[in-house]
Amino acid sequence: MDKRVFVYWGIGMLMCCTIGYSQNSPNNLSIQQAVETATANYPTIHAKMLAIDANERDAESKKLNYTMPSVVFQAQTLFASSNQVRGTYFSNEGAAIPSSGTTNIDGFASEPVFSSFTTILTSYKLATFGKKEADLKVANASIQQAKLDYEKEVYVHKAKVSDAYILSLVFQEATKIQQKNLERAQAFYQTIKANAIAGLRAGVDTSLAVADIAKAKILLIESQKLAEQQKVRLAELLGLPQNQYQLLDTKLDGTQPFALANNSSDNLNNHPVLRFFEARVNTSTLKINSIQKSYLPAIMARGAVWAKGSGIEDHLGADGNYVYNQSLSGLGFRAYNYMLGLTTVWNMSDIFRIKKEASAQHSLSQVYQKERDEATIKIQSEIAQSAIEYQKAKEVFEQIPLQLTSAKAAYAQAQSRYQAGLGTILEVTQTQMILNRAEIDEIVARNNVWRAVLHQYASKGELSVFLNQFN
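A few points on the structure. No experiment lies behind these values; they were computed from the predicted model shown.

Reading guide: rules and limits
- Residues numbered from 1 in each chain as written.
- Predicted model: local features only at pLDDT ≥ 70, side-chain atom pairs only at ≥ 80, totals over all residues.
- Heavy atoms only, no water.
- Helix = DSSP H or I, 4+ residues; strand = E, 2+ residues; numbered from the N terminus.
- Buried < 20%, exposed > 50% of the residue type's maximum accessible area, 1.4 Å probe, protein only.
- Areas by Shrake-Rupley, 256 points an atom, 1.4 Å probe, with all protein chains shown as cover.
- Pairing = 2+ DSSP bridges.
- Axes fitted to C-alpha atoms, helices over the stretch in contact; angles between N-to-C directions.
- Phe/Tyr/Trp six-rings, centres within 6.5 Å; stacked < 30°, edge-to-face > 60°.
- Contact = heavy atoms within 4.5 Å.
- Parallel < 35°, antiparallel > 145°, perpendicular 65-115°, else oblique.
- Nonpolar A, V, L, I, M, F, W, Y, C, P; charged D, E, K, R; others polar.

A count of helices and strands for the protein chain gives 10 helices and 8 strands. Looking at the protein chain residue by residue over its 471 residues, the buried ones come to 40%. For the protein chain, the exposed area adds up to about 25,700 Å²; of that, 57% sits on carbon and sulfur atoms.

As structure tokens, this is what we get:
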């Protein structure tokens, strides 16, 4: 049987037994350094941080809208006619231009004059009947939602990086084992070659040993490819260029996980993912209240001063009409006014629109609630799956010492029999493949235990407890 089958079997076992959570880097990279580097560099996490800043600025804007008075300055200078007739007109939202002037006794006059007008208007919302408080609660809730979204993204990404890191370790270790397997095949070849030259062994044994070396090199190349591909994947999650670094974490030794696995709790109240979904439901509920409050009017305190100038004189001419002076003297102010008081505007028909808008937001709240329920179900399923994953990984790991010890003994015995002339090279080759498979199985089994423990803590929202073991 081809040795390649065994390494593929080992890697397949690693990938199928568990489901992964799917600038210069340091030369030696621990798992803690990996998650810290990813948190500092990954673009999506930066985007979530910017979203927090955007929501904070939006909240400040809403607060200023209620706490700061509105001050509007307006000034204009016009050269225009002032024909005017008595009667009412509707401004038609600014499309109708008012004409402020005099009515001539002998018909209409189209002579233009200069005029000026300047005003300063101040408004302040004295009472909003709860609209202000509702809007500010929504703004603050949006900030909290953005922060929890950031925490969720960091948490999920840390879980992905941790899983990718442990996977990278097994591929790195597999490469070392295949290198050791190649050296073992080369050493055996030297022994066979010496015996063949001395006439103690047939030349065909030498040919078989050369073929065995070629197979060992192929296994090494395949392992190197898988290790490099996984390191590229890890570098992607770290948000770094594809630089070379050495994975280093001596605590991933296969014994500590058994004690660590039973220390996690089943309390999901502080799970970062569920906290985000809960915050989104809460924000949507507050928006419903804000929408309903927008139907009520606001009482405004208003104050204004304004001045006006005109080229139309205040006295009548000999013909009984006002005198039109077309010089620039019309730009000077001639009348000054002021205003102070309270105003309110209430669009009573808005109630129909507000009801529909509130109903739409209520439907969104239900959507968010269902998504929260779905996330809860998924997390509970992940917890159950990780428990099964851990139990089976533990059972497999317990069989590894027997497998590895027996494989080593069989290989040593086959070598001794061959050296004594009692066995064939095929026996040695077969036991060497069995030993290589046992060595791959050992690192895969140990790695699967660590990944199972990681998935236990990650699914329960306690990833920091797992990572703290590597401080």
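Let's shift gears to the sheet that holds strand β8 (residues 335-345). Within the open sheet, the 4 strands sit side by side as β2-β3-β5-β8. Their pairing is antiparallel. Sheet topology places β2 (70-80) and β8 at the edges, where each strand pairs with a single neighbour. Averaged over all pairs of adjacent strands, the angle between strand axes in this sheet comes to 15°, irrespective of strand direction. Here strand β3 (residues 113-127) runs beside strand β5 (residues 298-310); their pairing, made up of 12 bridges, is antiparallel. Across the sheet, the residue bridging to Ser115 is Ser310, located in β5.

The next subject is the pairing of β3. Where a strand is regular, its side chains alternate between the two sheet faces. Inspection of the sheet shows β2 paired to β3 by 11 bridges, in the antiparallel sense. Within the sheet, the bridge partner assigned to Val71 lies in β3 and is Thr122.

Before going further, it helps to examine the packing of aromatic side chains. Evaluated as defined, the whole model comprises 7 aromatic pairs. On the basis of an interplanar angle of 45° and a centroid distance of 4.6 Å, the ring pair of Phe79 and Phe114 is categorised as tilted. Of this pair, Phe79 sits in strand β2 while Phe114 is found in strand β3, placing the two residues 35 residues apart along the sequence. The exposure class assigned to Phe79 is partly exposed, which follows from its relative accessible area of 47%. Aromatic side chains Phe276 and Phe277 sit 5.4 Å apart centroid to centroid with 65° between the ring planes, which places their arrangement in the edge-to-face category. Exposure remark for Phe276: the relative accessible area of 9% places this residue in the buried category.

Another aspect to go through is the environment of Lys147. By secondary structure assignment, the location of Lys147 is in helix α4 (residues 131-197). Taking the C-alpha atoms as reference points, Lys147 and Phe276, 129 residues apart in sequence, are found 8.5 Å from one another. Excluding residues that lie within four positions of it along the chain, Lys147 makes contacts with Ile52 and Glu56.

Two elements in contact, helix α7 (residues 272-293) and helix α8 (residues 350-419), have axes separated by 9 Å at closest approach and are oriented at 170°. In terms of orientation, α7 and α8 fall into the roughly antiparallel class. Grouping the amino acids of the contact of α7 with α8 by side-chain chemistry returns 12 nonpolar, 8 polar and 6 charged.

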